[in-house]
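Architecture at a glance
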Amino acid sequence: MAADRGQWGSRLGFILAATGSAVGLGNIWRFPYITGENGGGVFVVVYLACVALVGLPIMMAELFIGRTAQLSPVGAVRSMSAPRSPWMGLGWLSVVAAFIILSFYSVVAGWSMHYVGLSIVGAFKDKTPDEIGAMFDALYANGGLNVLWHILFMVLTIAIVVSGIRKGIELWSRILMPALFGLLLVLLIYAMTTDGFTKGFEYIFGFHADKFDLTSSTLDALGQSFFSLSLGMGALVTYGSYLRRDEGVVSISIIVCSLDTAVALLAALILFPILFTAGLDPDQSVGLAFISLPIAFSQMPGGAVLAPLFFLLLTFAALTSAISLLEVATAYFIDERRWSRAKATLVTGGGILILGIPSALAGGPGIFGDKLKTGTESIWDGGKNWFDVLEYFSNNWMLPLGGLGIAMFVSWRVGNAAREQGFKTGTKLGAMYWGWVQLLRYVVPIGVLLVLLNAIGVFSAGE
Ligand code: PHE
């Protein structure tokens, strides 16, 4: 029996879906605060270099694998190497990473849905900054509420994925992505009218090295580029497997990388001017979008309208990324176990829903929220809660390892002829082939090894 697969309806539909996967909480919530923490301008330049030299070649490699094999990661790697090849570990890693990442991603997405609600009812109006900060702390600590939003978000994600590639993922990407770009534009125009715009612009693009640390900031930039571009866990192998075999992957990768990077930069160009206008500090880590921004909106004309728009933007971005994460796990069961899409989606979605509950409880006092102490100080940083542990594991280990594996698989294991022909199919940019292979062979492995060494604390020894 043929597996219950599907195919994209059009190239544009695919581009919107892949961009939807890439553009997510990573761009709008994470990129601005990491940029803030690392001092702005120089970090942005390093990030751009990571996207171009590491992210882009890996994205081409993932789409190439998926499109060639027409299978999700486990089967794709098998069909391009040998049955029971150890490279198949890469495919397994994808399925596990999909479960783990979506389980905590959904909790943050839940926060943003909660904030859509809070801002619509005008909860930030006439509140002091401390009171607004306390609202986030209260949400974070409220396990029941977090579980509720997490369930709701997972149900939405499951509802889209269960409807299939064309009628679920592609259809919703065609609706949500233009809406997302529209919201982004409205917020950008607003940010440009604020007094803080020049300062924000200067902060993001100006050269100031004060908070930039060559080792840790560079590695942050690299890790962020993996997460933001949805690389290293088979999401784009899976999406690529629904492409027609004659569809080129080179220009599509360039488009998706450019759009993802543009949205990250625009998100920063929206957030920083608004923060500066309100006289706030850009170095606010996780609370940047959920605390500083509501504070800023509460003080600005039009803030009551713009705040819900911003959190709606964040929710849409999260949803189109979450569906790609769920699709990785779902596609495995469809391709390898011959399950129907309905069964595969419900079982994997249900599993992720359950796995996410401890993350939803992580801000509270229970066993998952206690600072878990596992292993050594250098890896565990003296104690993290369940959510932190999963995020740490996936971002610092799984995605870089997965990306490294994909780069090595394509540049060493896949035969020359198949690789060259695959790259040159359906593209006018075939001349980039040589450069692509060199990046995968040398630049990517060195860059990624640096991230991993940083993760085990090699560069922070003695600090
Ligand atoms: N790229 C998404 C974001 O920026 C997250 C993601 C990671 C999605 C890995 C799929 C796979 O938020």
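Relevant structure appears above.
Thresholds applied
- Residues numbered from 1 in each chain as written.
- Predicted model: local features only at pLDDT ≥ 70, side-chain atom pairs only at ≥ 80, totals over all residues.
- Heavy atoms only, no water.
- Helix = DSSP H or I, 4+ residues; strand = E, 2+ residues; numbered from the N terminus.
- Rg over C-alpha atoms; globule rule 2.2 N^0.38 Å.
- Buried < 20%, exposed > 50% of the residue type's maximum accessible area, 1.4 Å probe, protein only.
- Contact = heavy atoms within 4.5 Å.
- Areas by Shrake-Rupley, 256 points an atom, 1.4 Å probe, with all protein chains shown as cover.
- Lys, Arg positive; Asp, Glu negative; His and termini not counted.
- Charge placed at Lys NZ, Arg CZ, Asp CG, Glu CD.
- Salt bridge = Lys/Arg side-chain N within 4 Å of Asp/Glu carboxyl O.
- Phe/Tyr/Trp six-rings, centres within 6.5 Å; stacked < 30°, edge-to-face > 60°.
- Near = heavy atom within 4 Å.
- Polar contact = N/O pair within 3.5 Å; in protein donor to acceptor, adjacent residues only side chain to side chain.
- 1 Å grid on protein atoms, 1.4 Å probe; cavity = no way out; pocket = protein on both sides within 12 Å on 5 of 7 lines; lining within 4 Å.
- Sits in = over half its atoms within 2 Å of the grid points.
- Nonpolar A, V, L, I, M, F, W, Y, C, P; charged D, E, K, R; others polar.
- Axes fitted to C-alpha atoms, helices over the stretch in contact; angles between N-to-C directions.
- Parallel < 35°, antiparallel > 145°, perpendicular 65-115°, else oblique.
- Points joined across faces, edges and corners; volume = space filled by probe spheres on them.
- Patch = residues over 30% accessible without salt bridge, like charges linked within 9 Å, V, L, I, M, F, W, Y side chains within 5 Å.
- Expected span 1.5 Å × (residues − 1).
- Left-handed = near helix turned anticlockwise from the far one by under 90°.

Helix and strand content of the protein: 19 helices and zero strands. Compactness check: the protein gives a C-alpha radius of gyration of 21 Å against a globular reference of 23 Å for 463 residues, within 12% of the reference. If you line up the protein on its principal axes, its C-alpha atoms span 65 × 45 × 45 Å. Residue burial in the protein is summarised as follows: out of 463 residues, 60% are buried. Pairs at least 24 apart in sequence give 81% of the contacts found in the protein among residues at least 6 apart. Entry remark: accessible area of the protein is about 17,300 Å², with carbon and sulfur atoms responsible for 67%. Charged side chains in the protein number 27 positive and 28 negative. The centres of these two groups are separated by 16 Å.

Time to look at the pattern of salt bridges. Taken as a whole, this structure holds nine salt bridges when the rule is applied. Across the pair Glu391 and Arg30 runs a salt bridge whose closest N-O atoms are separated by 3.7 Å. Here Glu391 is found in helix H17 (residues 386-413), whereas its partner Arg30 is found in helix H2 (residues 25-37), with 361 residues between them in sequence. The pair formed by Glu391 and Arg30 is uniform in burial state, with each residue classed as buried. Salt-bridge contacts for Glu336 lead to Arg78; the nearest nitrogen and oxygen are separated by 2.9 Å. Taken together, the residues span a long stretch of sequence, with Glu336 in helix H14 (residues 303-337) and Arg78 in helix H4 (residues 73-80) at a distance of 258 residues.

Let us now look at the packing of aromatic side chains. Tallying each qualifying case throughout the model produces 32 aromatic pairs. Here the aromatic rings of Tyr433 and Trp436 are separated by 6.1 Å at their centres, their planes lie at 50°, and the arrangement is tilted. In this pair, Tyr433 and Trp436 both sit in helix H19 (residues 433-455), three residues apart, roughly one turn of the helix. Here Tyr433 matches Trp436 in class, with each residue buried. Members of the aromatic cluster, connected to one another through ring pairs, are Phe104, Trp111, Tyr115, Phe124, Phe136, Tyr140, Phe290, Phe310, Phe311 and Phe387.

Attention now moves to the site of the ligand. Ala22, Gly26, Tyr105, Phe227 and Ser230 are the nearest of the 14 residues found near the ligand. Between an oxygen atom of the ligand and a main-chain N or O atom of Gly26, the distance comes to 2.8 Å. Starting from 320 Å² of accessible surface for the ligand in isolation, the protein chains cover 100%. Put simply, the ligand lies in the largest cavity. Where the shell around the ligand is concerned, the elements lending two or more residues are helix H1 (11-22), H2, helix H10 (214-228) and H14. Classifying every residue of the shell around the ligand by side-chain character gives six nonpolar, eight polar and no charged.

Summarising the element assignment, Ser72 is placed in the loop between helix H3 (41-69) and H4. The buried category is assigned to Ser72, whose relative accessible area is 1%.

Taken N-terminus to C-terminus, the directions of H3 and H4 make an angle of 80°; their axes are 9 Å apart at the nearest point. Looking at the two axes, H3 sits roughly perpendicular to H4. Where H3 abuts H4, its residues Phe64, Ile65, Thr68 and Ala69 lie against Ala76, Ser79 and Met80. Classifying every residue of the contact of H3 with H4 gives five nonpolar, two polar and no charged.

Turning our eyes to something else, we now look at empty space enclosed by the protein. Throughout the structure, instances matching the rule amount to three cavities of 30 Å³ or more. Considered as a void within the structure, the largest cavity measures approximately 140 Å³ in volume. Lining the largest cavity are 16 residues, and of these Ser21, Tyr105, Phe227, Ser230 and Leu325 lie nearest its centre. Classifying every residue of the lining of the largest cavity gives nine nonpolar, seven polar and no charged.

Taken as a whole, the second largest pocket holds about 180 Å³ of empty space. What lines the second largest pocket is Val46, Ala49, Cys50, Leu53, Val54, Thr218, Leu219, Leu222, Val443, Gly447 and Leu450.

Where nonpolar side chains cluster on the molecular surface, the patch consists of Ile446, Leu450, Leu453, Ile456, Val458 and Phe459 and spans about 480 Å² of accessible area. Along the chain, Val458 falls in the segment after H19. Judged by relative accessible area, Val458 falls into the partly exposed class, the value being 42%.

The terminal C-alpha atoms of H1, which comprises twelve residues, lie 16 Å apart, in line with the 16 Å expected from a rise of 1.5 Å per residue. Of all the positions in H1, only Gly13, Phe14, Ile15, Leu16, Ala17, Ala18, Thr19, Gly20, Ser21 and Ala22 are classed as buried.

Here we come to the packing of H3 against H17. Orientation of H3 relative to H17, taken along the N-to-C sense of each, is 65°, at an axis distance of 10 Å. Considering the angle they form, H3 stands roughly perpendicular to H17. For the pair H3 and H17, the crossing hand works out as left-handed. Facing H3, whose interface residues are Ile58, Ala61, Glu62, Phe64 and Ile65, H17 presents Gly403, Ile406, Phe409 and Val410. Within the contact of H3 with H17, the residues separate by chemical class into seven nonpolar, one polar and one charged.

All right, on to H4 then. Across the eight residues of H4, six count as buried, placing the element largely inside the fold. For H4, the full list of buried residues reads Pro73, Val74, Gly75, Ala76, Val77 and Met80. Close packing links the buried residues of H4 with H3, helix H5 (88-120), helix H11 (235-240), H14 and H17.

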